[in-house]
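# Analysis of the macromolecular model
Listed here are the chains, written in short residue letters.
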Amino acid sequence: MGKSIVTAGTVISIKPLGENNSSVCFLTRDNGIVYATMYGGRKSKLKSLVSPWNTGIIYFSTTNNTNQLKINDFDVKSYHLSFRESLVKSWAANLAAEIAIKTKCAASNEQCWTLISGFLDGLDYCKTNEQCSLGLIRFLWRYLNLLGIQPDAGCCCKCDTSSVYLNSGVYYSASENGFVCAECSSQKQPFYLTQEAVRYLACLSVCSPQEARAIPLSKEASGQIKDLVFFLIENACGSRLKSLETGIGIL
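In what follows, the accompanying structure is described. Throughout this description, residue numbers start from 1 for each chain and increase along the sequence as written. Restriction of local features to residues with pLDDT of at least 70 applies here, the model being predicted, together with a cutoff of 80 or more for giving and counting side-chain atom pairs; totals for whole chains, interfaces and linings are based on all residues. Excluding hydrogens and water, the side-chain values take into account all heavy atoms of the structure.

Residues other than glycine seldom take positive phi values, yet His80 does so here, at roughly 45°. Looking at the element boundaries, His80 is found in the loop between strand S5 (69–78) and helix H2 (87–102). Given the relative accessible area of 3%, His80 is considered buried. A positive phi angle, close to 55°, is found at Ala106, a residue other than glycine. Helix numbering and strand numbering both begin at the N terminus, where a helix is a DSSP run of H or I of at least 4 residues and a strand a DSSP run of E of at least 2. Turning to its location among the elements, Ala106 is positioned in the loop between H2 and helix H3 (109–125). A 1.4 Å probe rolled over the protein chains alone gives each residue an accessible area, and that area as a share of the maximum for its type sets the label: buried under 20%, exposed over 50%, partly exposed in between. Residue classification places Ala106 among the buried positions, given a relative accessible area of 14%.

Quick look at the structure:
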């Protein structure tokens, strides 16, 4: 007999499969990234439910002869309708999904699901592009932690001086995967963060999401952090990210 699977999930993408069917990519809480077939033509009830970024409870099944998943039903809890009206939100969501696919959910399906679901829900509440951009920074920084490669922004990796007491900005050292204060840096590095920027990252590592959203950040510091986290996340994925290449001017 086949088996049934019930899990929370989000629709990432939909591609035509034959004349009436579709191949759907989901990010799920229990199984990570999965691909399933949606059967039926335009009048199928599933067609109106299975749409990109819709999130809810998915009902899958398999047959005796194959492990291929079939979508039986989808109980949508959140439609993320604002993504259809904002390129920034759409590209940010695509970036998060692409990262999950390329890193195989950081080998932690449930934690990845929780992090990305929270990010998508947070994007829905963003009123401005600046809020979306800051939300993306916070998400990427936390995802680096999930991957186990988040650099310690709390202190200089050479002299251990806390970022709270630094008199100037810091440089990111790729060889150390850490931050080096200006006093300890023997040579300039490609990525420089002001005091404000490095302290912001240090706060993100210890603050709750609600507390982090309340921390102000200047455009200069935001730009510095964005350049760094984009670099770090692409290194972690091991390849260029299409979502960044197409949306870099907006993200």
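Within the secondary structure, Lys89 is located in helix H2. All tallies of charge rest on Lys and Arg as positive and Asp and Glu as negative; His and the ends of each chain are not included. A pairing counts as a salt bridge when a side-chain nitrogen of Lys or Arg comes within 4 Å of a carboxyl oxygen of Asp or Glu. Buried Lys89, no salt bridge; nearest opposite-charge side chain is Asp124, N-O distance 4.9 Å. We call two residues in contact when some of their heavy atoms are within 4.5 Å. The contacts of Lys89, once residues within four sequence positions are left out, are Ser82, Phe83, Leu123, Asp124, Cys126 and Cys132.

Let's shift gears to the sheet that holds strand S3 (residues 32–38). Should DSSP find at least two bridges between two strands, the strands are regarded as paired. The five strands lie next to each other as S1-S2-S3-S5-S4, forming a closed barrel whose pairing is mixed. For this sheet the average axis-to-axis angle between neighbouring strands, irrespective of direction, equals 50°. Sheet topology note: the S3/S5 ladder contains two bridges and is parallel. If you follow Thr37 over to S5, its bridge partner there is Lys70. An axis is simply a line fitted to the C-alpha atoms; with a helix, the fit covers only the stretch in contact. Between two such axes, the angle follows the N-to-C directions and lies from 0 to 180 degrees.

For the rest of this paragraph, the subject is the environment of Leu81. Mapping Leu81 onto the fold places it in the loop between S5 and H2. C-alpha separation for the pair Leu81 and Pro52, spaced 29 residues apart in sequence, amounts to 9.9 Å.

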